[in-house]
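Residue-level structural notes
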Amino acid sequence: MDNQGPSRTALVTAYARAYHQIADRPRILTDPLSARLLGVTADDLTEFGRPAEARPGSDVDAGILRLGVSDRPRRLFFAARARFAEDRVAAAVAAGARQVAILGAGLDTFAYRNPHPNLRVFEVDHPATQAWKRQRLAASGIDQPERLTFVPVDFETGTLATGLESAGFSRTDPAVFVWLGVVFYLTQDAAHTTLEYIARQSEPVEVIFDYLQPADTDEERAQLQARANRAEAVGEPWFSYFTPDDIATQLRALGFTDVEDHSATDLIAGYLERTAEVEDEPFQALRPVRILRASR
């Protein structure tokens, strides 16, 4: 990723969530802060939502951001996975958890909308993305809550364990780990190392993450490769794919006893009034995408 600013995927996700607020009904995720954090208006977002041929210029970054905004299935998935994670955090808080670590937080805004007064939020991310986010927070007048702690971690020079320990994260208290939009950018070994770290947290512990499964058909492989090529073109290549059985086996070997795994389309359908929509052709590109919750 660019060491001088936020990752492109963090920007795409933020733009998609901001546009979701004005473009989609029913709204899956209520997030009034995304557009403010980005410094964009409803008109700006609507412009990004116009078809590509209707927009002048061919700037690569603009094209990537437009894809995140105009691709409705992807936009709904970004909203649904965040909603699912926030619902799980709420359930964990009700059961007594008082800390959540958001790994690869990007431009996520949960900490600034956090409805749980006793919940401490740790945002873990690359220093460059985190520095840019903090500049945007200051510029947009979004206050940093007292219960939020930034944890900058460059995994080329540091570790998650060291970063969280120095930030005051308790390894002996219950916790939730939210890990969205990250796993496929890691090698399988790196992903497993993080899961091992999470599994050593005192019980109860829960992790929510999304991942990619290998394609089953030539058509799916072509679609998946096209998306992988776009990610690689901006310096953020994909490295790992898991089958649901493989990832469940890994999790159970690490001691997780409750594993809940959803396809992207099933997750979205659970929040929509017109569930048949996810059977439409545009949503089929999401077939390799899954989201999983594991706890013990």
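Residues numbered from 1 in each chain as written. Predicted model: local features only at pLDDT ≥ 70, side-chain atom pairs only at ≥ 80, totals over all residues. Heavy atoms only, no water.

Looking only at helices and strands, the protein chain has twelve helices and seven strands in total. Taking 19 Å as the expected radius of gyration for a compact globule of 296 residues, we find that the protein chain reaches 18 Å, a close match to that expectation. Its C-alpha atoms give the protein chain principal-axis dimensions of about 55 × 45 × 40 Å. Residues classed as buried in the protein chain amount to 53% of the 296 residues present. Positive and negative side-chain charges in the protein chain, numbering 32 and 43 respectively, have mean positions lying 5 Å apart. (Helix = DSSP H or I, 4+ residues; strand = E, 2+ residues; numbered from the N terminus. Rg over C-alpha atoms; globule rule 2.2 N^0.38 Å. Buried < 20%, exposed > 50% of the residue type's maximum accessible area, 1.4 Å probe, protein only. Lys, Arg positive; Asp, Glu negative; His and termini not counted. Charge placed at Lys NZ, Arg CZ, Asp CG, Glu CD.)

We now examine the pattern of salt bridges. A side chain with one charge may pair with a side chain of the opposite charge, provided their charged atoms come close. Taken as a whole, this structure holds 19 salt bridges when the rule is applied. Taking the shortest distance from any N to any O, the salt bridge between Asp210 and Arg81 comes out at 2.6 Å. Here the residue Asp210 occupies a position in strand S5 (residues 205-212), and Arg81 occupies one in helix H5 (residues 72-94), the gap between them amounting to 129 residues. For the pair Asp210 and Arg81, a shared accessibility class is recorded, and that class is buried. The shortest N-O distance in the salt bridge between Asp218 and Arg221 comes to 2.7 Å. With a gap of three residues between them, Asp218 and Arg221 both fall in helix H10 (residues 218-233), about one helical turn apart. The structure contains a network of salt bridges with shared partners spanning Arg17, Asp31, Glu86, Asp108 and Arg113. (Salt bridge = Lys/Arg side-chain N within 4 Å of Asp/Glu carboxyl O.)

On average, residues of the protein chain carry a pLDDT of 91, and 93% of them reach 70 or more. Low confidence marks residues 53-58, where pLDDT is under 50. Its contacts with residues over four positions away, or in another chain, come to four contacts. (pLDDT = per-residue confidence, 0-100. Contact = heavy atoms within 4.5 Å.)

Taken together, the seven strands give an open sheet; going across it, the order is S3-S2-S1-S4-S5-S7-S6, and neighbouring strands pair in mixed fashion. Looking at which strands have only one partner, the edges of the open sheet turn out to be strand S3 (148-152) and strand S6 (258-263). Taken over all neighbouring pairs, the strand axes of this sheet differ in orientation by 15° on average, direction set aside. Packing against the sheet, helix H9 (residues 188-199) makes contact with strand S1 (99-103), strand S4 (175-179) and S5, and its axis sits at approximately 165° to S4. (Pairing = 2+ DSSP bridges. Axes fitted to C-alpha atoms, helices over the stretch in contact; angles between N-to-C directions.)

Taking 1.5 Å per residue, 23 residues should reach 33 Å; H5 reaches 33 Å between its end C-alpha atoms and fits that length. Looking one or two residues past H5, Gly96 carries a phi angle of roughly 120°, positive in sign. (Expected span 1.5 Å × (residues − 1).)

Bringing the pairing of S5 into the picture now. Summarising burial for S5: eight of the eight residues are buried, a large majority. In terms of strand pairing, S4 meets S5 through five bridges, oriented parallel. Paired with Trp179 across the bridge in S5 is Phe209. With H9 bridging S4 and its parallel neighbour S5, the resulting β-α-β unit is right-handed. Inspection of the sheet shows S5 paired to strand S7 (residues 289-295) by seven bridges, in the antiparallel sense. Each residue of the ladder has a partner; that of Tyr211, found in S7, is Arg290. (Right-handed = clockwise from strand over helix to strand, strands pointing away.)

Quantified by volume, the second largest pocket comes out at close to 170 Å³. For the lining of the second largest pocket, the secondary structure elements donating two or more residues are H5 and H10. Its residues placed into classes, the lining of the second largest pocket shows seven nonpolar, one polar and four charged. (1 Å grid on protein atoms, 1.4 Å probe; cavity = no way out; pocket = protein on both sides within 12 Å on 5 of 7 lines; lining within 4 Å. Points joined across faces, edges and corners; volume = space filled by probe spheres on them. Nonpolar A, V, L, I, M, F, W, Y, C, P; charged D, E, K, R; others polar.)

For the rest of this paragraph, the subject is unusual backbone geometry. The omega torsion of the bond from Arg25 to Pro26 falls at 0°, within 30 degrees of zero and hence cis. Turning to its location among the elements, Pro26 is positioned in the loop between helix H1 (8-23) and helix H2 (34-38). Look at the link from Glu203 to Pro204: it is a cis peptide, with omega at -5°. Within the element layout of this structure, Pro204 appears in the loop between H9 and S5.

Moving on: the packing of H1 against H5. It is at 9 Å that the axes of H1 and H5 come closest, and there the two elements cross at 95°. Here H1 is positioned roughly perpendicular relative to H5, judged by the angle of their axes. Facing H1, whose interface residues are Val12, Thr13, Ala16, Arg17, Tyr19, His20 and Ala23, H5 presents Arg74, Arg75, Leu76, Phe78, Ala79, Arg81, Ala82 and Glu86. Each residue belonging to the contact of H1 with H5 can be placed in one class, and the counts come to eight nonpolar, two polar and five charged. (Parallel < 35°, antiparallel > 145°, perpendicular 65-115°, else oblique.)

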